[in-house]
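# Analysis of the macromolecular model
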Amino acid sequence: STQSTWGARGDYRKPPAISSEPRIPKAQPLPPMDHPFRPALPHRQIRPDRPFDLQTEQRGTQHEETELQQRMEAEATDQARRKFRARQWHPPPPPATLTPTTSLTEPQPFVIHSDVRAGAREAWDRGLRERQHARDAQLAREAADRQAAEAAALRRHRQSLFIKARPNPFKPATPRERGSLCSPLGHMR
């Protein structure tokens with residue numbers, strides 16, 4: 001036998017009846033909306049409706065107002081800066097009258113710049129030669145001092161190497177002392 005989908009899991013109850021009438025819910029109906037809702041418990045009070053008072057909204061509006069005010073101030077300063085302001089014209093002072101005491105044209109000696117430059121270059125070269133001579137003399141003095149110091153050190157070293165006669169610290173043993181240390185043939189025991 002073929003089974004329908006209704007009894008496929010071993011559920012052999014009767015299928016629900018299908019009716020054309022709408023299903024009426026068994027729950028409580030909605031309360032009437034013509035008067036405010038009052039809770040059944042007296043200790044629970046409903047506060048009257050009032051709009052939210054959020055601090056973030058206040059801060060947001062303050063921020064927008066300050067931004068708008070700053071923008072308006074910036075535009076006002078920009079307009080003031082763009083505004084053309086002409087300076088007041090002052091007439092120039094009258095030229096001073098000259099009372100010539102000497103003639104206006106005095107001949108000046110003619111100097112070629114290359115001559116001035118050649119003189120400065122000659123002074124520079126002279127100073128350079130003097131510095132070079134002073135440096136060479138200093139190096140020669142240092143070399144002479146170094147050579148004299150080396151000669152003095154060598155002389156002191158040679159004097160320390162001079163051989164002088166000194167008494168011999170070794171004293172040969174006497175025959176009695178020799179007998180205690182050696183055999184009668186003279187060999188060491």
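Note that the coordinates shown come from a computational prediction; the quantities given were computed from them, not determined experimentally. (Residues numbered from 1 in each chain as written. Predicted model: local features only at pLDDT ≥ 70, side-chain atom pairs only at ≥ 80, totals over all residues. Heavy atoms only, no water.)

## A few points about the overall build of the chain
Threshold: Strands here are runs of E lasting at least two residues and helices are runs of H or I lasting at least four, both read from the DSSP assignment and numbered beginning at the N terminus. The classification of residues rests on relative accessible area computed with a 1.4 Å probe and restricted to protein chains. Under 20% of the type maximum is buried, over 50% is exposed, and intermediate values are partly exposed. In short, Shrake-Rupley with a 1.4 Å probe defines the accessible areas, and a residue's cover is counted only from the protein chains shown.
From N to C terminus, the chain includes three helices and zero strands. When its helices and strands are written in sequence order, the chain yields α-α-α. By the burial criterion, 2% of the 189 residues in the chain qualify as buried. With the model as given, the accessible surface of the chain reaches about 20900 Å², and the carbon-plus-sulfur share is 58%.

## As for the packing of aromatic side chains
The test is simple: Side-chain rings of Phe, Tyr and Trp (the six-membered ring for Trp) are treated as a pair once their centres are within 6.5 Å; stacked means planes under 30 degrees apart, edge-to-face means over 60, and tilted covers the remaining angles. We call a charge positioned above a ring when the Lys NZ or Arg CZ atom is no farther than 6 Å from the ring centre and deviates by at most 35 degrees from the ring normal.
For the structure on display, the rule yields zero aromatic pairs. Looking at arginine 131, its charged tip hangs above the ring of tryptophan 124, at a distance of 5.4 Å from the centre.

## Describing the confidence of the model for the chain
Definition in use: Think of pLDDT as the predictor's per-residue confidence, scored from 0 to 100.
The predicted model of the chain averages 78 in pLDDT, with 64% of residues at 70 or higher. Helix α2 (residues 113–161) holds the highest mean pLDDT among the elements of the chain, 94, whereas helix α3 (residues 175–181) holds the lowest, 57.

## Focus on the pattern of salt bridges
As a reminder, the rule being used: In the sections that follow, a salt bridge refers to a side-chain nitrogen of Lys or Arg positioned within 4 Å of a carboxyl oxygen of Asp or Glu.
All chains considered together, the criterion is met by four salt bridges. Residue arginine 71 pairs with glutamate 67 through a salt bridge whose shortest N-O separation is 3.9 Å. In this pair, arginine 71 and glutamate 67 both sit in helix α1 (residues 55–82), four residues apart, roughly one turn of the helix. For glutamate 67, a relative accessible area of 36% puts it in the partly exposed group. Aspartate 78 is the partner of arginine 81 in a salt bridge, and the nearest nitrogen-oxygen pair spans 2.9 Å. Of this pair, arginine 81 and aspartate 78 both sit in helix α1, separated by three residues, roughly a single helical turn.

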